[in-house]
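The lines below spell out each chain.
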Amino acid sequence: MTKCYALVTGGAAGIGAEIVAGLIADGFHVISLDRNQPAASREGSTDLVCDLFDGPATETVAAEIAARWPVTHFVHNAGVILPNLVEKTSAADLVALAQLHLGAAITLVQALLPTMKEKGGRILLMSSRAVLGAPTRTVYSATKAGVLGLVRTWALELAQYGITVNAVAPGPIGGTEMFHAVLPKGDPRIEGLAAGIPMKRLGTPEDVANAVRFFLADQSNFITGQTLYVCGGASIGQAML
């Protein structure tokens, strides 16, 4: 059986670590790209360190990965929020998140495309329920909305090569560094947030990883250009009078 290789950004912890574990269970060798090393070594994973905010460093590691492994499955999971009200939001924050959420995705996909065009492949970009609007999310929601533009455009360009391109858009996912950077553990607002979600709970990293694995599966080869909200109904729910 031919070994399959997947690249996952932000794979050291949280949602990314759950995605890595799931893909290893599905038989992939995973290259995990993160600015931090995982807490423990993982059989079936090669863990590389790179700060994707750094454009030149991203180009270097992208070339290294493409030269070493025939990657056919790519998950761009790395993300940062940088929350602020609009009057305190800076253009520098927008530039930084545009590099992380969009620029790094472009650089990595460009490096992987020669192999994907030959063998077929899967591209999964992480968006967010915040694209529908959320206070303090000016630069985050703007760049995550840009991810949806990449998905739809690339899906059209790459379908002829048997490459699918889709997005997963999580809602509030508890127990992750990103979530607790905004709402610290024990913050009473967490309970209120969960109560406002139609499913009456926060999501888990496993909920998101399951959706990612669905899109990356062989059986999903007729699904492309789509966005799946993993949000417990938060993308359709609204406050009732």
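This text goes with the structure placed above it.
Keep in mind that what you see is a predicted model, and the values were worked out from it rather than measured.

What follows concerns the overall build of the chain. When helices and strands are counted, the chain shows seven helices and seven strands. The linear arrangement of helices and strands in the chain, starting from the amino end, is β-α-β-β-α-β-α-β-α-β-α-α-α-β. The C-alpha radius of gyration of the chain comes to 17 Å, within 12% of the 18 Å expected for a compact globule of 241 residues. Across its three principal axes, the chain shows a C-alpha extent of roughly 55 × 40 × 35 Å. Counting all 241 residues of the chain, 48% fall into the buried class. A separation of at least 24 residues holds for 69% of the contacts in the chain among residues at least 6 apart in sequence. Carbon and sulfur atoms make up 56% of the accessible area of the chain, which totals about 11800 Å². Averaging the coordinates of the 17 positive side-chain charges in the chain and doing the same for the 19 negative ones gives two points 5 Å apart.

Turning our eyes to something else, we now look at the packing of helix α2 (residues 55–68) against helix α3 (residues 91–119). Angle between the axes and distance between the axes: these two values describe a pair of packed helices. Where α2 meets α3, the closest approach of the two axes is 9 Å, and the angle between their N-to-C directions is 30°. The orientation of α2 relative to α3 falls into the category roughly parallel. Between α2 and α3 the crossing geometry is right-handed. The residues of α3 that touch α2, namely those facing G55, T58, E59, A62, I65 and A66, are Q99, A104, T107, L108, A111 and L112. Its residues assigned to classes, the contact of α2 with α3 comprises seven nonpolar, four polar and one charged.

Next up on the list: the layout of surface pockets. The computed volume of the largest pocket comes to approximately 1400 Å³. Around the largest pocket, the lining is made up of 49 residues, and of these I81, Y140, T176, M178 and F179 lie nearest the centre. Looking at the lining of the largest pocket, the elements with two or more residues in it are α1 (14–25), β2 (28–34), α4 (138–158), α5 (177–182) and α6 (189–195). Per-element tally for the lining of the largest pocket: the top contributor is α5, with five residues. For the lining of the largest pocket, a count of residues per class yields 29 nonpolar, twelve polar and eight charged. There is about 190 Å³ of room inside the second largest pocket. Looking at the second largest pocket, it is lined by twelve residues, and the ones nearest its centre are D26, F28, L216, A217 and D218. In the lining of the second largest pocket, the residues fall into six nonpolar, three polar and three charged.

Reading the values: the criteria
Residues numbered from 1 in each chain as written. Predicted model: local features only at pLDDT ≥ 70, side-chain atom pairs only at ≥ 80, totals over all residues. Heavy atoms only, no water. Helix = DSSP H or I, 4+ residues; strand = E, 2+ residues; numbered from the N terminus. Rg over C-alpha atoms; globule rule 2.2 N^0.38 Å. Buried < 20%, exposed > 50% of the residue type's maximum accessible area, 1.4 Å probe, protein only. Contact = heavy atoms within 4.5 Å. Areas by Shrake-Rupley, 256 points an atom, 1.4 Å probe, with all protein chains shown as cover. Lys, Arg positive; Asp, Glu negative; His and termini not counted. Charge placed at Lys NZ, Arg CZ, Asp CG, Glu CD. Axes fitted to C-alpha atoms, helices over the stretch in contact; angles between N-to-C directions. Parallel < 35°, antiparallel > 145°, perpendicular 65-115°, else oblique. Left-handed = near helix turned anticlockwise from the far one by under 90°. Nonpolar A, V, L, I, M, F, W, Y, C, P; charged D, E, K, R; others polar. 1 Å grid on protein atoms, 1.4 Å probe; cavity = no way out; pocket = protein on both sides within 12 Å on 5 of 7 lines; lining within 4 Å. Points joined across faces, edges and corners; volume = space filled by probe spheres on them.

Keep in mind these numbers describe shape, not what the thing actually does.
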